[in-house]
Amino acid sequence: MAATPMAPSAPPEAKGVSRRGFLGAMAAVAAAVGSAGLFLGRTASAAVVPVARPSAAQMKRLLAYYRTKPRWASWLVPELNVDDGWQHWMRTILNSKNLPIAHDNFSRIGTTIKQTHHWVMVIDERRCIGCQACVVACKDENNVPVGVFRTWVDVVETGEMVPDPAGPIVTDVGNYRSEVKRSSMPLICNHCDHPPCVDVCPVKATFKRADGIVMIDYDLCIGCGYCVQACPYNARFFNPVQQTADKCTFCAHRLDRGLLPACVTSCPTHARVFGDKNDPTSEVSTLLATQATTVLKEDLGTDPQVFYINREQEVYDENSTGNTVYPYSANLNSTDYATLSGNAPLPGDTGGQR
Amino acid sequence: MPPTNYYGSGLEQGVWGLMIVTYPFISGLVAGSFVVATLSQLFGRKRLAPLAPLAALLSFALLLAAPLTIWGDARQPSRVYELITRMHVPWSPMALFLLIWISYVVLMLVELYAVFRAGNAARAQWADQPLRAKLAGLLTLGVRGRDARSTRRDERIVRWTAGIGILIAFLFHGYIGFIFGSMKSRALWSSPLIPVLFIVSAIVSGIALVQLAYFAVAKWHGWKIDHEVVAELNAWLVGALLLDFYLDMIELLMSGVRAYAPEETYEWFSRLYFHGPLFWTYFLFQLGLGVVLPLIALATKRWRASIVNSGVMAFLVLVGVFMMRWNVVAGGQMASKVTNDIVSFPLVWTGYDSVQTVLGVFGVAFLLFLLFAWIFPWKTGFEHAPTSKAPAPVPPPTLAKTSPAATSTVVERPVPAPSSTTMGASHVSSTVESQWEGANSGDR
């Protein structure tokens with residue numbers, strides 16, 4: 001860890017280095033690099049670009065720097081460095097060892113664990129046009145592999161065809177009028193205040209930051225799948241490239257540098273609003289105070305922190321067969337896909353069997 | 001490493017595959033066969049005593065193989081040490097795995113030591129196989145007494161370990177059921193009935209496994225199968241099956257009847273089990289062939305004593321219990337959490353999380369069983385059964401050696417190994433010492 005160039009400024013080469021001291025320092029550097037590769041670079045090593053090895057004098061300055069300064073740039077007190085590329089974000093900004101985080105007993109956040117920010121998202125379904133720009137932006141920003149999604153937009157159909165003698169739809173068994181409504185439903189990790197996925201992790205690889213973001217340490221995840229099962233919103237998945245659980249991070253790496261999440265900046269209609277719930281002047285606080293909002297699967301007691309305006313309440317929570325949810329990312333082997341492609345009867349055609 | 005196409009292109013996938021179907025099945029066999037062993041060790045069913053060492057060995061072999069399923073299912077198996085270094089207790093039930101498993105292994109080692117100590121002490125005197133004799137001597141940990149007092153002490157240890165072990169066995173299997181039953185995100189798993197159902201079906205499967213193993217070893221060695229033992233084991237099987245059937249019916253009524261069940265539970269239960277892809281595995285294999293047919297076929301004592309009948313029924317029960325695990329694990333994941341879609345749950349034949357790996361795990365368990373069967377003298381209880389392969393042993397003139405007076409003396413030092421002609425006489429004597437010598441004769 002010490003071998004990575006994280007000093008704010010590279011110190012100039014000091015003069016008068018003895019041969020013995022130089023050799024010793026080089027041995028120390030080699031040991032540090034080797035052990036860092038052994039113990040830290042398990043998953044991310046493929047992504048880390050090779051960096052120039054610091055000289056002995058640089059190493060001395062680095063060590064002196066780390067003795068006086070915190071070893072990590074926290075998201076509460078960002079100490080950012082242009083040399084510290086995104087490749088190192090797991091070891092520095094998001095090093096779970098150094099963050100005020102909780103693996104369980106989440107009531108501590110905001111009480112014994114100090115909470116300066118409380119990031120939440122408000123999704124206004126009236127504004128969503130289903131353009132999927134957020135899905136693409138998320139994939140681009142977070143390098144999400146093909147086939148899995150950190151955020152996605154479902155297409156929801158509610159209502160039914162009502163028999164009506166004056167209806168415009170003429171069939172052999174009578175006329176119908178359509179009372180079907182179609183809407184788009186952006187979905188994302190809810191960053192619950194009581195996340196069951198974090199409680200169940202057997203190795204404390206996933207955690208909840210004090211600012212509310214639920215994250216995974218990919219270097220610790222053993223890939224057991226328990227959190228994927230325990231999430232009621234299907235927000236977690238297995239990353240097929242890095243072979244660990246993966247999920248939305250609210251773009252924590254962007255937040256820590258003062259940027260909005262990628263899905264929020266890319267939304268053309270401002271359907272996704274992001275901000276600090278603890279700040280009474282923020283837009284999310286205003287929306288939460290003035291608009292009627294709902295959360296997903298409220299009865300499970302997970303206390304989600306993604307709020308919806310004007311959501312079709314019954315769609316997501318009850319899996320009612322009267323409604324149909326078509327993810328654009330539908331499973332090709334699924335009944336939904338068969339339905340869309342005309343190879344399976346539509347829900348209404350089964351005579352109430354489903 | 002799983003192939004990327006395992007994930008398909010779907011939004012929701014069943015991430016726990018066939019290995020996780022097998023894990024509760026194997027751990028159920030572990031707990032169930034341990035319960036069979038305790039029937040004679042703790043609950044005084046002396047007729048089943050010959051089966052206890054066999055059941056204990058089966059339980060131990062499967063116990064050692066069981067973690068291979070979850071280890072093979074984990075995407076990052078090289079980080080398994082974190083279960084010790086970063087154990088998230090008591091919040092995560094899965095984190096308890098290593099604690100429970102290690103305590104179970106330790107307990108089984110103690111139990112196996114006590115069960116086989118006398119037999120190993122007898123084996124330690126074998127002259128013609130010095131290596132095995134040395135191994136047996138090591139396994140006695142230096143305690144070579146074979147008199148009644150030593151046997152009583154062994155039995156006391158076995159009683160204690162059986163009593164504690166039955167709790168740990170239920171804990172081992174119960175925590176798996178708890179992982180499923182406590183999952184509030186899944187409508188079909190989230191039920192307090194699941195852990196109980198798992199434990200009861202574990203007992204069912206364990207009895208059936210011991211039954212089949214008894215037939216197999218008897219066939220292999222040419223022993224005559226004791227119909228009384230078969231009938232008694234089947235009686236226990238019927239009792240466990242009745243309890244299993246009761247719990248199955250409770251589950252069916254409380255999930256599959258619209259008036260009784262929460263809406264989401266009912267919707268998914270009816271879509272998957274009544275009209276969906278799990279109809280045959282649930283109604284035909286799990287309930288029909290796995291529970292109802294064995295209950296009918298083992299109804300009378302005469303049928304229970306029939307070897308062919310009970311062999312077939314034990315096999316069907318095992319298939320039914322495996323299908324019950326499949327229905328729970330696959331069914332729970334087929335019910336989508338976020339859409340109205342049935343999630344596909346493909347059966348993979350080779351590679352990661354497949355039939356191939358499951359067969360591998362069972363193969364490892366079988367090899368471990370063969371190894372333990374070679375190490376431990378488990379055949380002692382079957383000595384009363386006449387063999388069809390070997391000729392009947394002739395009582396030699398040295399019969400006086402096993403007089404009752406010899407039984408009460410403590411064997412201070414190993415007696416010289418008896419020759420092969422004298423060992424055959426043991427079955428006519430009922431003394432403790434000669435019984436173990438008899439074990440010696442039939443145990444080559």
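Nothing here was measured: the structure is a model prediction, and the numbers come from that model.

J.: So what exactly am I meant to see when it comes to the overall build of chain B here?
T.: Within chain B, the secondary structure is distributed over 15 helices and 0 strands. Residues classed as buried in chain B amount to 50% of the 444 residues present. In chain B, 78% of the contacts between residues at least 6 apart in sequence involve partners at least 24 apart.

J.: Is there a simple way to think about the overall build of chain A in this case?
T.: Tallying secondary structure elements over chain A gives 10 helices and 15 strands in all. In chain A, which comprises 354 residues, the share counted as buried stands at 38%. Taking the contacts inside chain A whose residues are at least 6 apart along the sequence as the reference set, 64% of them involve residues at least 24 apart.

J.: Is there a simple way to explain the confidence of the model for chain A in this structure?
T.: Fine structural detail should not be taken from predicted coordinates in areas where pLDDT scores are low. Residue and element names in this part refer to chain A. The predicted model of chain A averages 75 in pLDDT, with 66% of residues at 70 or higher. For residues 70-88, every residue scores under 50 in pLDDT, and the model assigns this stretch 28 contacts once sequence neighbours within four places are set aside. Note on residues 346-354: pLDDT is under 50 here. Beyond four places in sequence and across chains, it has 8 contacts.

J.: So what exactly am I meant to see when it comes to the domain arrangement of chain B here?
T.: Residue and element names in this part refer to chain B. Here the domain parsing of chain B yields domain 1 (13-182 + 349-385) and domain 2 (205-345). The gap between the C-alpha centroids of domain 1 and domain 2 is 23 Å. Between domain 1 and domain 2, the contact holds 26 residues from the first and 28 residues from the second. The element that contributes the greatest number of residues to the side of domain 1 that touches domain 2 is helix H1 (residues 18-41), accounting for 12 residues. Classifying every residue of the side of domain 1 that touches domain 2 by side-chain character gives 19 nonpolar, 5 polar and 2 charged.

J.: Mind showing me how you'd approach the pairing of strand S14 (residues 306-309) of chain A here?
T.: As a general feature of sheets, a regular strand has side chains that alternate between the two faces. All names here are of chain A. As defined by bridge partners, strand S2 (residues 119-124) adjoins S14 across 4 bridges and the pair is classed as parallel. When the sheet's bridge partners are listed, Asp124 is paired in S14 with Ile309. Where strand S13 (residues 293-294) and S14 come together, 2 bridges link them in antiparallel fashion. Bridge pairing in S14 places Thr294 opposite Tyr308.

J.: Just checking my understanding: could you explain the sheet that holds strand S8 (residues 206-209) of chain A for this structure?
T.: The strands making up a sheet associate through backbone hydrogen bonding, with each pair oriented either parallel or antiparallel. Residues and elements named next belong to chain A. Here 3 strands make up an open sheet; going across it, the order is S1-S8-S9 and the pairing antiparallel. Bordering the open sheet on either side are strand S1 (101-102) and strand S9 (214-216), each of which pairs with just one other strand. Bridging between S1 and S8 involves 2 bridges; their strand directions are antiparallel. For Ile101, the partnering residue across the bridge sits in S8 and is Arg209.

J.: Which parts of the structure should I look at to understand unusual backbone geometry?
T.: Glycine aside, residues mostly have negative phi angles, and peptide bonds mostly take the trans form. Following Val89(B), the chain continues into Pro90(B) via a peptide bond in cis, with omega recorded as 0°. Along the polypeptide, Pro90(B) turns up in the loop between helix H3 (82-85) and helix H4 (97-123). The phi angle at Asn105(A) is positive, at roughly 50°, despite the residue not being glycine. Within the fold, Asn105(A) resides in the loop between S1 and S2. Even without being glycine, His191(A) reaches a positive phi, approximately 45°. Positionally, His191(A) belongs in the loop between strand S7 (181-188) and helix H4 (196-199). We classify His191(A) as buried; it has 26 C-beta atoms within 10 Å.

J.: Help me out: how do you make sense of the packing of helix H7 (residues 193-221) of chain B against helix H8 (residues 227-256) of chain B in this one?
T.: Each pair of packed helices can be summarised by the angle the axes make with each other and by the distance between the axes. Residues and elements named next belong to chain B. Put simply, H7 and H8 touch, their axes get as near as 9 Å, and they point 155° apart. Considering their axes alone, H7 and H8 lie roughly antiparallel with respect to each other. With respect to the hand of their crossing, H7 and H8 are arranged in left-handed fashion. Here Leu193, Val196, Leu197, Val200, Ser201, Ile203, Val204, Ile207, Ala208, Val210 and Gln211 of H7 lie close against H8, whose contacting residues are Leu233, Trp236, Leu237, Ala240, Leu241, Leu243, Asp244, Leu247, Ile250 and Glu251.

J.: Got a minute to help me understand the environment of Ala169(B) in this structure?
T.: All names here are of chain B. Topologically, Ala169 is positioned in helix H6 (residues 148-181). With 136 residues separating them along the chain, Ala169 and Ser33 place their C-alpha atoms 9.8 Å apart. Non-local contacts of Ala169, meaning those with residues more than four positions away in its chain, are made with Val30, Ala31, Phe34 and Val35.

J.: Explain H7(B) to me, please; I cannot follow it from the model alone.
T.: A turn of α-helix holds 3.6 residues, and therefore any two residues three or four places apart point the same way. Along its 29 residues, H7(B) runs 42 Å from first to last C-alpha, staying within 8% of the 42 Å computed at 1.5 Å per residue. Just past H7(B), the residue Gly222(B) takes up positive phi, approximately 75°.

J.: Honestly, the nonpolar core in this entry has me stumped. Any pointers?
T.: Generally speaking, a soluble globular protein has its nonpolar side chains buried in company with each other. Judged by nonpolar contacts, the single largest core of 181 residues is most densely connected at Val30(B), Leu62(B), Val204(B), Ile207(B) and Val210(B). Ala118(B), Ala121(B), Ala122(B) and Ala136(B) belong to the second-largest nonpolar core, a separate cluster that totals 5 residues.

J.: Could you clarify how one ought to interpret the sheet that holds strand S5 (residues 169-171) of chain A in this entry?
T.: Residue and element names in this part refer to chain A. An order of S4-S6-S5 is seen for the 3 strands of this open sheet, with the pairing classed as antiparallel. The outermost strands of the open sheet, each flanked by one partner alone, are strand S4 (161-163) and S5. Strand-to-strand twist across the sheet, computed as the mean angle between neighbouring axes with direction ignored, equals 35°.

J.: Sorry if this is basic, but what is going on with the packing of H1(B) against H6(B) here?
T.: Residue and element names in this part refer to chain B. Across the interface, H1 lies against H6 with an axial gap of 9 Å and an inter-helix angle of 160°. Taken together, the axis directions place H1 and H6 in an arrangement best described as roughly antiparallel. The way H1 lies across H6 gives a crossing that is left-handed. Contacts from Tyr23, Pro24, Ser27, Gly28, Val30, Ala31, Phe34, Val35, Ala37, Thr38 and Gln41 of H1 reach H6 at Val158, Arg159, Ala162, Gly165, Ile166, Ala169, Phe170, Phe172, His173 and Ile176. The residue makeup of the contact of H1 with H6, split by class, is 14 nonpolar, 6 polar and 1 charged.

J.: Teacher, can you tell me more about the environment of Ser182(B) here?
T.: Looking at the secondary structure, you find Ser182(B) in the loop between H6 and H7. Considered as a pair, Ser182(B) and Pro195(B) are 13 residues apart in the sequence and their alpha carbons are 9.3 Å apart.

J.: What's the story with the environment of Lys337(B) in this structure? I'm lost.
T.: By secondary structure assignment, the location of Lys337(B) is in the loop between helix H12 (307-334) and helix H13 (355-375). The class for Lys337(B) is buried, based on 20 C-beta atoms found within 10 Å. Linking Lys337(B) and Ile225(B), residues 112 residues apart in sequence, is a C-alpha distance of 51 Å. Ignoring sequence-local partners within four residues, the contact set of Lys337(B) consists of Pro232(A), Tyr233(A), Asn234(A), Glu12(B) and Ser185(B).

J.: Help me out: how do you make sense of H1(B) in this one?
T.: In a regular helix each residue adds 1.5 Å, so 24 residues correspond to 34 Å; H1(B) covers 35 Å between its end C-alpha atoms and thus fits that length. Counting buried residues along H1(B), 24 of its 24 residues qualify, which places the element largely inside the surrounding structure.

J.: Got a minute to help me understand the confidence of the model for chain B in this structure?
T.: All names here are of chain B. Taken residue by residue, chain B gives an average pLDDT of 84. The fraction at 70 or more is 84%. Contacts for the low-pLDDT stretch residues 1-10, under 50 throughout, to residues beyond four places or in other chains number 24 contacts. Here the predicted complex scores 0.77 on pTM and 0.82 on ipTM.

Quick notes on the rules
- Residues numbered from 1 in each chain as written.
- Chains lettered and ligands numbered in written order.
- Predicted model: local features only at pLDDT ≥ 70, side-chain atom pairs only at ≥ 80, totals over all residues.
- Helix = DSSP H or I, 4+ residues; strand = E, 2+ residues; numbered from the N terminus.
- Buried ≥ 20, exposed ≤ 12 C-beta atoms within 10 Å, placed from the backbone.
- Contact = placed C-beta atoms within 7 Å.
- pLDDT = per-residue confidence, 0-100.
- Domains from an automatic or database assignment.
- Nonpolar A, V, L, I, M, F, W, Y, C, P; charged D, E, K, R; others polar.
- Pairing = 2+ DSSP bridges.
- Axes fitted to C-alpha atoms, helices over the stretch in contact; angles between N-to-C directions.
- Parallel < 35°, antiparallel > 145°, perpendicular 65-115°, else oblique.
- Left-handed = near helix turned anticlockwise from the far one by under 90°.
- Expected span 1.5 Å × (residues − 1).
- Core = buried A, V, L, I, M, F, W, Y, C linked by C-beta atoms within 7 Å.

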